[in-house]
Every structure is written in C-alpha cells, then in structure tokens.
Amino acid sequence: MLDISLVLPAYNEQDNIVKVVTSAADSLDQLGKTWEIVVVDNHSNDKTPQLVEELSLKDNRIRCIVHNENKLYSGSCQTALNEAKGKYIAIMDSDDQYAASDILKFIEKLEKGANIVFGWRKKRKDPFFRLIVSKVFNSLGKFKLKFPFHDLNCGYRVFDKTFQQSCKIKHKINLSNPELYVRAKQAGLKMDEVAIQH
C-alpha cells in the first residue's frame, strides 16, 4: 500500500495545474514516503487533462482521472474516495492556494488517532468580500451542523483508510466539507484540524 495519495480536483486549471503538480511532487519526494498524485479532472474544457497526461508520462506516480461529465466538486471528492490507494488520502484544491508540504501536519494528527483532519486557513489571503462570506458560512456551520472547528470550507483535508471505507458523499454540490463532517460524525469517527499556509 502507498503511504500517501494526494488528490487534486481540477476544473479548467490549465494555468495552475503544472505548477501545482510539480511543486506537490517535489514536496512529497522530500517526505521519504511512497506516494501518488491523482488529478481528478471534472470535465474541463481547456487543456488541464492533457497537461497532466504529459506529466504522467514523465512520472508514473502521477495519474489523471477524467470525468465524462461535470460532477461538481463533491463528485470529484467522491472519485477521490473511490480511487485513492494511499494509507493517508489528501484532497487539496488545485488552484495554487495551498502547499502540499503541509501534509505532514495533517499526518501527525492522523497518527495521533484522528480519522479526518480539516485544514484551517488561520492567516487567509483573500479579498475582504470573500472573508465576510466565509465568516457567515462558518457561523452557519457552527449553528446548523455544530461544526467544532474554524474553517468549514477549507479546500485541504486529509483522512485515513477508515474514513475512506466508512463514508460516501451523496449530495451533488460545489462543497464537500459539510458532508464529510456529517458522515464522519454519523460513523463515530475522530476529527481534528490543523493550521496551514494560505
């Protein structure tokens, strides 16, 4: 079994995907663990899948799964649950907002007993409007879902095989963390969060 699967949901990311994948591969190489990078292309209409295929020809640890229709963000995350082969599975947005090198912070939490760890953009670099929208969203998450952590919509989370085998995403929406949290809670799994770069 591989140690780490890093899954990158992508939709029309031709301007970012090569940089994100190559940077992630460099970071993973430094960990001394076996790994794969899986780009889940959500029916892009640009060159995203072709660029990833070119990278995979140079490194067979990189692979691309292309949806035959747009399954929204939650569908890409379900594909990650279905296809990832690693002991630890990270789903990280492919828009160059996050650092793959932060994965060690997540793994430390998993090795201490958590089944899923959510990222927390403690020092966010977003426009003011997005910060306000995020604050409202997080407040709703705490009120409606009793979400106990800081960042319900962070695009970086890591989980273990127990979570992968226990949880399935059923709703087709452009979000995943609310359902990931609810499924983990229903399954009685342990959760945690970690502050990350943004």
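Now for a look at the structure at hand. Computed from a predicted structure; not experimentally measured.

1. Side note on the packing of helix α1 (residues 17-29) against helix α2 (residues 48-58)
For the pair α1 and α2, interaxial distance at closest approach is 10 Å and the crossing angle is 30 degrees. As for how α1 packs across α2, the hand of that crossing is right-handed. Here Ile17, Val18, Val21 and Thr22 of α1 lie close against α2, whose contacting residues are Thr48, Leu51, Val52 and Leu55. For the contact of α1 with α2, the class distribution of residues is six nonpolar, two polar and no charged.

2. With respect to the pairing of strand β1 (residues 2-10)
Counting buried positions over the nine residues of β1 gives seven, a clear majority of the element. Strand direction decides the pairing type here: β1 and strand β4 (residues 86-92), joined by five bridges, are parallel. Within β4, the residue paired with Val7 across the bridge is Ile91. Pairing between β1 and strand β2 (residues 35-41): seven bridges, direction parallel.

3. A look at helix α7 (residues 177-186)
Of all ten residues in α7, seven are buried; the element is thus mostly enclosed. Residues of α7 that are buried: Asn177, Pro178, Glu179, Leu180, Tyr181, Arg183 and Ala184. Positioned one or two residues after α7, Gly188 has a phi angle of 70 degrees, which is positive.

Criteria and thresholds
- Residues numbered from 1 in each chain as written.
- Predicted model: local features only at pLDDT ≥ 70, side-chain atom pairs only at ≥ 80, totals over all residues.
- Heavy atoms only, no water.
- Axes fitted to C-alpha atoms, helices over the stretch in contact; angles between N-to-C directions.
- Helix = DSSP H or I, 4+ residues; strand = E, 2+ residues; numbered from the N terminus.
- Left-handed = near helix turned anticlockwise from the far one by under 90°.
- Contact = heavy atoms within 4.5 Å.
- Nonpolar A, V, L, I, M, F, W, Y, C, P; charged D, E, K, R; others polar.
- Buried < 20%, exposed > 50% of the residue type's maximum accessible area, 1.4 Å probe, protein only.
- Pairing = 2+ DSSP bridges.

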